[in-house]
Amino acid sequence: MQRISDQIRRRFRRIGGPVVKARILLCWVLIAVALLSACAAPENTSTQTTGMQSTSTAPSIAVPAPPTSSQVNMGRAAVNRDPCRELGDDVVAAAGFDPATRDRIDAIFDTYSFVGCKFEHKEKDQFGLFVTSRYLHVNTTNVTLDEFRDREGSRATPIEINGIEAITYTDRPTESCHIILETSYGALDVSKSVASVFTVEKPCDRMPEIAEMVSAAMPD
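Residues numbered from 1 in each chain as written. Predicted model: local features only at pLDDT ≥ 70, side-chain atom pairs only at ≥ 80, totals over all residues. Heavy atoms only, no water.

Caption draft 1: The side chain of Thr101, seen in detail. Of note, Thr101 is situated in strand E1 (residues 98–104). Leaving out residues up to four positions away in the same chain, Thr101 has contacts with Lys118, Phe119 and Glu120. (Helix = DSSP H or I, 4+ residues; strand = E, 2+ residues; numbered from the N terminus. Contact = heavy atoms within 4.5 Å.)

This is the structure we're talking about:
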């Protein structure tokens, strides 16, 4: 802008006559304004584009869950990942569950936390009534994979999900199958339970596939 102003002043001195001087000055002022506007335009365009990109990455959730619970976590970092907010309806439906049943299932203790979300799948029973035949639980926790491995002992089987170290195990009393993936904040716990009185489906049916979908939707 200073260079343009200096050019205007030099040219103003060379040309005689007040009318001509005024016209020349006006022309240079208009040119200067046009140049400044052209320089500012790309910045505005970049800002608008960035805003659109950040908006488009938010998952689509028709029925949101209540807010997460407050945490204590004596000796551990807080859990800042929330499956109820990060798993979109499309992922839940592809896993075989109803997104409209989204519900919070946080479990907060003094020394560790689970930030969790639950989904259900209903189907008709022999009497034509809709009953819940399976549940999906997704938890983020500051309990580590090694701690899960130590707790489960010999019933924990090592696996990989999307190239991530994990373990899997079943819990017969609750008819549930668990896959625990290692994360930077602790672990991602994906589990499915079934009501065997209403379905022939087994707890671990499709579980690796479901864990892959959940893990891909919640990258570490």
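The rest of the description comes next.
Caption draft 2: Here's a closer look at helix H5 (residues 145–152). If you check which residues of H5 are buried, you get Leu145, Phe148 and Glu152. One side of H5 carries all its buried residues, which in axial view fall inside an arc of 60°. What points out from H5, more than 90 degrees from its buried face, is the exposed set Asp150 and Arg151. Among the structural elements, strand E3 (113–124), strand E4 (130–141), strand E6 (164–171), strand E7 (176–182) and strand E8 (187–194) are those in contact with the buried residues of H5. Taken from the residues just after H5, Gly153 is the one with a positive phi, measuring 60°. (Buried < 20%, exposed > 50% of the residue type's maximum accessible area, 1.4 Å probe, protein only. Arc of directions from axis to C-beta.)

Caption draft 3: Examining helix H6 (residues 207–217) more closely. Taken together, the buried positions of H6 are Met207, Ile210, Ala211, Val214 and Ser215. Angularly, the buried residues of H6 cover 130° about the axis, an arc narrow enough to put them on a single face. Among the structural elements, E4, strand E5 (157–161), E6, E7 and E8 are those in contact with the buried residues of H6.

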